[in-house]
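# Fold and contact review
Now for the letters of each chain:
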Amino acid sequence: MKRILSTLIIILSLSSFLGLNAQEFVKNIKKRHAFYGYSDNNLKNSDTISGFGAKEEKLKITGVVYESDGVTPAKNVILYICQSDEYGDYNPKKINGKRVLEHQGWVKTDSDGKYTFFTFVPGTYWPSKKIQQIHGIIKAPNADAYQINNFAFDNDPLLRASCKQKLAKRGLNNVIKLEKKDDLLIGKRDIILNPTAQTY
């Protein structure tokens, strides 16, 4: 009986240890994601993505991040975006063990929850049928980061009307309507924090 009890204790200890190690491993993998490349001290509520000035379809995305009640502006929230270039290439590199993309940026919302990115309309590989999209990850203070629905564009010829209707029925507002002002396309997207989202 003592032998069985001892064996059981060893198995439980090992499984607990391995479980913790697995969690640490997953955490370390996540920390290598490009999202974690920011320096919190330097973040402002506006950022300019590399290549913005040289691109034809310059884009300004702005909006407000709200607390989960959908009313209260959420301050000090970090929002990260990354995207392909105009040809659909992400141009990834590894620097100090972290994945870095050529076109990425971070903002931290101000006291009114506002954020702004100056970027450009991304492309897609031809002849792929993928829509133009910008990927986003968000992190509220004292909360884990999680991925939000990609930014998509109302005027994208590959974004079918049926797809827009489905997104609208699901209450998603990630399709941005773009308006041209001088040489700048302007789009707005507000984001409501989701405390039950799967963490990144």
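Up top you'll find the structure we're talking about.
Now for a look at the structure at hand. Given the structure is predicted, the values throughout are model-derived calculations rather than measurements.

### So, the overall build of the protein chain
- Broken down by element type, the protein chain carries 2 helices and 13 strands.
- A buried classification covers 34% of the 200 residues belonging to the protein chain.
- Across the protein chain, every contact between residues at least 6 apart in sequence was considered, and the portion connecting residues at least 24 apart equals 71%.
- Of the roughly 12,800 Å² of accessible surface on the protein chain, 54% is carried by carbon and sulfur atoms.

### Things to note about the pairing of strand β7 (residues 114–120)
- With 5 of its 7 residues buried, β7 lies for the most part within the structure.
- Both strand β1 (residues 46–48) and β7 contribute to a ladder of 3 bridges, which runs parallel. For Thr48, the partnering residue across the bridge sits in β7 and is Phe118.
- Note: strand β2 (residues 58–66) against β7, 7 bridges, orientation antiparallel. By the bridge assignment, Lys60 is partnered in β7 with Phe118.

### What about the nonpolar core?
- Counting 26 residues, the largest nonpolar core has Tyr115, Ile138 and Phe151 as its most contacted members.
- Within the residue set of this core, elements represented by two or more residues are β2, β3 (78–82), β7, β8 (133–139) and β9 (146–153).
- Here this core gets 4 residues from one element, more than from any other, and that element is β9.
- The contacts of Ile138, once residues within four sequence positions are left out, are Val65, Val77, Ile78, Leu79, Asp144, Ala145, Tyr146, Ile148, Ile191 and Leu193.
- Core analysis: the second largest hydrophobic core is formed by 11 residues, Phe35, Leu101, Trp106 and Ala145 among them.

Cut-off values and rules
Residues numbered from 1 in each chain as written. Predicted model: local features only at pLDDT ≥ 70, side-chain atom pairs only at ≥ 80, totals over all residues. Heavy atoms only, no water. Helix = DSSP H or I, 4+ residues; strand = E, 2+ residues; numbered from the N terminus. Buried < 20%, exposed > 50% of the residue type's maximum accessible area, 1.4 Å probe, protein only. Contact = heavy atoms within 4.5 Å. Areas by Shrake-Rupley, 256 points an atom, 1.4 Å probe, with all protein chains shown as cover. Pairing = 2+ DSSP bridges. Core = buried A, V, L, I, M, F, W, Y, C linked by side-chain atoms within 4.5 Å.

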